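Each chain, written out:
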Amino acid sequence: NSATPTISGTASDGSGTGVAEVWYIVDDAANDHTADAYAAAGWTKTAATSPWSAALSGLTEGNKKLTVKTLDKAGNFNNASTTTVVSFGVDLTAPTLTMAPLAAYNTGFPLTGTSADPGTNASGISTLQYKIDSGAYAPVTVAANWSVTILPAVITALNEGSHTVTVIATDAAGNQTTQSASFN
């Protein structure tokens, strides 16, 4: 899930004359390009035929379709029934994350908050993690209303002074949101 993915594939016309050109178009999922001519407006020719690849740019969030057509060396291009179409989603929106105010530091405390993955093509929260200061991240059970208890033993092991709790939410597309709060 990126605005700049690289797409790739292989092309063959079976035992025919060989593939001369590969053309593709990426558009919103609702648009159907299977009946388009292979070099119609908006289509892009790849630099190679098999294997081929292309770096995309400027994709927006939402459901998309990649449509691929080939032209063989005899001048034939695949028709609507043999055109390759791949549907995929683009999630560029970071999760939302809140953390409730911290309380009762010396005796341990509940660390609670909310998380969600908004957007038109939300991929879902895949991980929630927390850490204190520069410690290692520990997992939090993924939920819309999440909670973890910071045990008194963890607090007493810390040096006197100010400390920071950091929570990070990551969605399945790799988008992240971080929230932090301090306590003494």
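Q: I'm lost on the overall build of the chain in this one. Help?
A: For the chain, the helix and strand inventory stands at 1 helix and 13 strands. Ordered by position in the sequence, the α and β elements of the chain form the string β-β-β-β-β-β-β-β-β-β-β-α-β-β. Taking 16 Å as the expected radius of gyration for a compact globule of 184 residues, we find that the chain reaches 25 Å, considerably beyond that expectation. For the C-alpha atoms alone, the extent of the chain along its principal axes is close to 80 × 25 × 25 Å. When each of the 184 residues of the chain is scored for burial, the buried share is 36%. In the chain, of all internal contacts separated by at least 6 residues, the share reaching a separation of at least 24 is 65%. Carbon and sulfur atoms provide 52% of the accessible area of the chain, an area that totals close to 9,600 Å². For the chain, the centre of its 6 positive side-chain charges and the centre of its 13 negative side-chain charges are spaced 10 Å apart.

Q: Would you mind going over the sheet that holds strand β10 (residues 138–140) with me for this structure?
A: Strand pairing in a sheet is mediated by backbone hydrogen bonds. Such pairs are either parallel or antiparallel. As summarised here, the arrangement of the 4 strands in space is β10-β9-β12-β13, forming an open sheet in which the pairing is antiparallel. Two strands in the sheet have a free side with no partner beyond their single neighbour: β10 and β13 (176–183). The average angle at which neighbouring strand axes cross in this sheet is 25 degrees, direction not considered. Sheet topology note: the strand β9 (residues 125–132)/β10 ladder contains 3 bridges and is antiparallel. Within the sheet, the bridge partner assigned to Y130 lies in β10 and is A138.

Q: Help me understand the pairing of strand β12 (residues 163–171) in this model?
A: Across a regular strand the side chains alternate sides, sitting on one face of the sheet and then on the other. Counting buried positions along β12 yields 8 of 9 residues, so the element is predominantly enclosed. Bridge count for β12 against β13 is 8 bridges, and the pairing is antiparallel. Following the sheet pairing, T166 is matched in β13 by S180. Linking β12 to β13, which pair antiparallel, is a turn of 4 residues; within it G174 sits at a positive phi near 95 degrees.

Q: Mind showing me how you'd approach the environment of V26 here?
A: Structurally, V26 is set in strand β2 (residues 19–28). Note on V26: relative accessible area 22%, which makes it partly exposed. Distance in space between the C-alpha atoms of V26 and G42 is 8.6 Å, their sequence separation being 16 residues. With sequence-adjacent residues up to four places away left out, V26 is seen in contact with L56, L59, K64, K65, L66 and F88.

Q: Please explain the packing of aromatic side chains as it appears in this structure.
A: Aromatic ring pairs are reported here in terms of the distance separating the ring centres and the angle at which the planes meet. For the structure shown, the criterion picks out 1 aromatic pair. Here the aromatic rings of F109 and F183 are separated by 5.3 Å at their centres, their planes lie at 65 degrees, and the arrangement is edge-to-face. You can see F109 sitting in strand β8 (residues 109–116) and its partner F183 sitting in strand β13, a full 74 residues away along the chain. Of the residues examined, F109 reaches a relative accessible area of 2% and is grouped as buried.

Q: What should I look at first to understand the side chain of S115 in this one?
A: Position of S115 among the secondary structure elements: in strand β8. Not counting the four nearest positions on each side in its chain, S115 is found in contact with T96, L97, I125, L128, A143, A144 and W146.

Calculation criteria
- Starting afresh in each chain, residues are numbered from 1 along the sequence in its written order.
- It should be noted that, the model being predicted, local features are given only for residues of pLDDT at least 70 and side-chain atom pairs only at 80 or more, the latter also being counted only at that level, while totals for whole chains, interfaces and linings use all residues.
- For side-chain calculations, the full set of non-hydrogen atoms in the structure is used, while hydrogens and water are omitted.
- Secondary structure is summarised from DSSP: a helix means a run of H or I of at least four residues, a strand means a run of E of at least two, and numbering begins at the N terminus for each.
- C-alpha atoms define the radius of gyration, and 2.2 Å times the number of residues to the power 0.38 defines the globule rule.
- When accessible area is computed with a 1.4 Å probe and restricted to protein chains, residues below 20% of their type maximum are described as buried, those above 50% as exposed, and intermediate ones as partly exposed.
- Here, residues are in contact when the closest pair of their heavy atoms is within 4.5 Å.
- The protein chains shown are the only cover counted for residues, whose accessible areas, like all others here, come from Shrake-Rupley with a 1.4 Å probe.
- When charges are counted, Lys and Arg are positive and Asp and Glu negative, with His and the chain ends excluded.
- Here the site of a charge means atom NZ of a Lys, CZ of an Arg, CG of an Asp or CD of a Glu.
- Pairing between strands is defined by DSSP: at least two bridges between them are needed.
- Here an angle of 0 to 180 degrees is reported between the N-to-C directions of two axes, which are lines fitted to C-alpha atoms, with helices fitted over the stretch in contact.
- Ring pairs shown here join Phe, Tyr and Trp side chains whose ring centres sit within 6.5 Å, with only the six-membered ring taken for Trp; geometry is labelled stacked below 30 degrees between planes, edge-to-face above 60, and tilted in between.

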